[in-house]
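A structural walkthrough
This is what each chain is made of:
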Amino acid sequence: MLLGNDDWWRDAVVYQVYPRSFADANGDGTGDLQGVRGRLDYLARLGVDAIWLSPFYTSPLADGGYDVADYRDVDPRFGTLADFDALVAEAHGKDIRVIVDLVPNHSSDQHPWFQAGLRDRYIFRDEPNDWESIFGGPAWTRVEDGQWYLHLFAPEQPDLNWDHPEVRAEFRDILRFWLERGVDGFRVDVAHGMVKAAGLPDVGAKDGPQAEMLGDEQVPYFDQDGVHDIYREWRPILDSYPGGRMAVAEAWVSSPERLARYIGPDELHQAFNFEFMMADFHAKSFRTVIEKSLAEAELVGAPTTWVLSNHDKPRHVTRHGSLARARAATLLMLALPGSAYLYNGEELGLPEVLDLPDELRQDPAFLRRGESRDGCRVPIPWTSGPGCGWRDPWLPIPPEWTALSAEVQEDDPGSTLNLYRAALRLRRRHPALGGGTLSWLDSPEDVLAVERHPGLVVVLNTGEGPVPPGVAGEVLLSSGPLAADGSIPPDTAVWIQRSGSVAGD
Ligand code: NOJ
């Protein structure tokens, strides 16, 4: 085990495991921690530095586990604490770190506090205000005696009252509980939530649903100054454990300046930069986002993060319109300075499943708002046999996914799986990749050309016709076949080692 280096997260490749959909060891149709354990060799071969486990805690799964009933235990569907410990030990033995999800904004309505009627730990009022749930509809639900409780997400996810000292103490203790078990960090869910504006003022007049304002405007339930006190309480706890324990924020805020406030030596280490995920497949759009992100990183004082897919957004094969484009966008992302977060299945080039029957959809957002995130949560196809290695999976796997299975892609040198492996291998070895700086090279409008120092050039062609690479050198990796004359076809990215510069290996 080589783990060390407290700054590991700065240029890490972190692989998000959605446990319900990743791998099923006990054959009940729901993925589990033993399933993850059984795939650690696969992940080591892929070349990731860490895994981030989406929630596996005791939960009624009203929101896929982001509704936690017991923050210190594993849901029986996912396994046991002993399974968790074994997973961490084995992952560390293979030099893979483990980050867990922390869900502090809300608990499940099945949490013992809510069940015991400890209303002071939640946000109860005699009258609701005009706040809307992110999943659609009002953010308030009425209980028998006429009071209302706040839930910024589903009614099964009551918001916790962070003004209550017991709530604060409880979460400090939960942090320690998982740190003691050896986790390397936390992904903080709704990290801009928790603290609400005093008096819970109305949002007031607006043109559309409040959910559409998020990230553009200040709302009284997100990104309040008081949330930073919580992180200032947490940071010394993280720092008191050896080995570089970190936290990455899922924070949707209205400006880079506001995001920067979450990051620093006395708060969190990183925040997701979702801008890259929102960019169109066009050189100009990518360049705008990359420049903005790097400026943001400067402001924040920490390298940025890059994300193309996660469990909340349509997979990037579908978003960008083709597998070729997804592969090209991936090569661009993996060459950028900072850390990259991958989402399970993107290394197989999985598309979004668009035609799930409505009655099988389980996302609470679908029930309330008609928008479903189930299509990116379909279980991972492992084998080419019937069911792709799953028996009665919780969401059906499209039969054509046998062709995309890890087994089929394993020995195909042109497979997306092998493209990811090659890219991650090079990223580890090449001194220009991971951290560092970049400079822009002159290029036509539809082409993005970036030089990472020393001497690695990334060229992405988003135009309609082939383009010459523009620099002389050896092609280290290409997202698709190049033309016989070496030109780069549309929807293709290449990594080129400039002639005269020193390659990494
Ligand atoms: C963000 C998570 O990524 C999403 O899946 C979840 O529904 C909400 N937070 C609420 O916890």
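As the structure is a computational prediction, the values presented were derived from the model and not from experiment.

The rules behind these values
- Residues numbered from 1 in each chain as written.
- Predicted model: local features only at pLDDT ≥ 70, side-chain atom pairs only at ≥ 80, totals over all residues.
- Heavy atoms only, no water.
- Salt bridge = Lys/Arg side-chain N within 4 Å of Asp/Glu carboxyl O.
- Buried < 20%, exposed > 50% of the residue type's maximum accessible area, 1.4 Å probe, protein only.
- Near = heavy atom within 4 Å.
- Polar contact = N/O pair within 3.5 Å; in protein donor to acceptor, adjacent residues only side chain to side chain.
- Areas by Shrake-Rupley, 256 points an atom, 1.4 Å probe, with all protein chains shown as cover.
- Nonpolar A, V, L, I, M, F, W, Y, C, P; charged D, E, K, R; others polar.
- Helix = DSSP H or I, 4+ residues; strand = E, 2+ residues; numbered from the N terminus.
- Contact = heavy atoms within 4.5 Å.
- Phe/Tyr/Trp six-rings, centres within 6.5 Å; stacked < 30°, edge-to-face > 60°.
- Lys NZ or Arg CZ within 6 Å of the ring centre and 35° of its normal.
- Pairing = 2+ DSSP bridges.
- Expected span 1.5 Å × (residues − 1).
- Arc of directions from axis to C-beta.
- Domains from an automatic or database assignment.
- Buried area = accessible area lost by both parts, 1.4 Å probe.

**Quick notes on the pattern of salt bridges**
Here the structure, examined in full by the defined rule, presents 36 salt bridges. Linking Asp7 and Arg10 is a salt bridge whose minimum nitrogen-to-oxygen distance equals 3.7 Å. Residue classification places Arg10 among the partly exposed positions, given a relative accessible area of 29%. Connected via shared salt-bridge partners are Asp63, Asp312, Asp363, Arg373 and Arg377.

**A few points about the site of the ligand**
The ligand sits among 13 residues. The nearest are Asp63, His106, Asp189, His311 and Asp312. With respect to the ligand, the side chain of Asp189 contributes an N or O atom lying 2.7 Å from an oxygen atom. Taking 300 Å² as the accessible area of the ligand by itself, protein coverage stands at 98%. The residue makeup of the shell around the ligand, split by class, is 4 nonpolar, 2 polar and 7 charged.

**Points about the environment of Glu275**
Looking at the secondary structure, you find Glu275 in helix α9 (residues 275–278). Filtering out sequence-adjacent residues up to four positions away, Glu275 remains in contact with Val289, Lys292 and Ser293. At a separation of 3.1 Å, a polar atom in the side chain of Glu275 contacts the side chain of Lys292.

**So, the packing of aromatic side chains**
Under the defined criterion, the tally for this structure stands at 29 aromatic pairs. Relative to Tyr149, the ring of Phe124 has its centre 5.8 Å away and its plane inclined at 45°; by these criteria the two rings are tilted. Remark: Tyr149 occurs in strand β8 (residues 148–150) and Phe124 occurs in strand β6 (residues 124–125); sequence separation between them is 25 residues. With relative accessibility at 6%, the residue Tyr149 sits in the buried group. Taken together through their ring pairs, the aromatic side chains of Tyr71, Trp162, Phe171, Tyr231, Trp234 and Tyr262 make up a single cluster. One Lys or Arg, Arg39, reaches over the ring of Trp382 and ends 3.9 Å from the middle of that ring. Positioned above the aromatic ring of Trp113, the side-chain terminus of Arg121 is 4.8 Å from the ring centre.

**Some points on the pairing of strand β10 (residues 246–249)**
Of the two faces of β10, the one carrying Met246 and Val248 and the one carrying Ala247 and Ala249 are both buried. When β10 meets strand β11 (residues 270–271), the two strands line up parallel, connected through 2 bridges. If you follow Val248 over to β11, its bridge partner there is Gln270.

**Observations concerning helix α4 (residues 81–93)**
Because each turn of an α-helix spans 3.6 residues, side chains separated by three or four positions end up pointing in the same direction. An ideal rise of 1.5 Å per residue puts 18 Å on 13 residues; α4 measures up with 18 Å between its terminal C-alpha atoms. The set of residues buried in α4 consists of Asp83, Phe84, Leu87, Val88, Ala91 and His92. One side of α4 holds all its buried residues, which, seen down the axis, span an arc of 160°. Of the exposed residues in α4, the ones pointing more than 90 degrees away from its buried face are Ala82 and Ala89. Those residues of α4 that are buried lie in contact with α2 (33–38), α3 (40–46), β2 (50–53), β4 (70–74), β5 (97–102) and α6 (165–180).

**What about the domain arrangement of the protein?**
With domains assigned, the protein is organised as domain 1 (13–105 + 165–429) and domain 2 (438–498). Distance from the C-alpha centre of domain 1 to the C-alpha centre of domain 2: 30 Å. Where domain 1 abuts domain 2, roughly 1,900 Å² becomes buried across the two surfaces, and 72% of that area is made up of carbon and sulfur atoms. For the pair domain 1 and domain 2, the number of links is 2 salt bridges.

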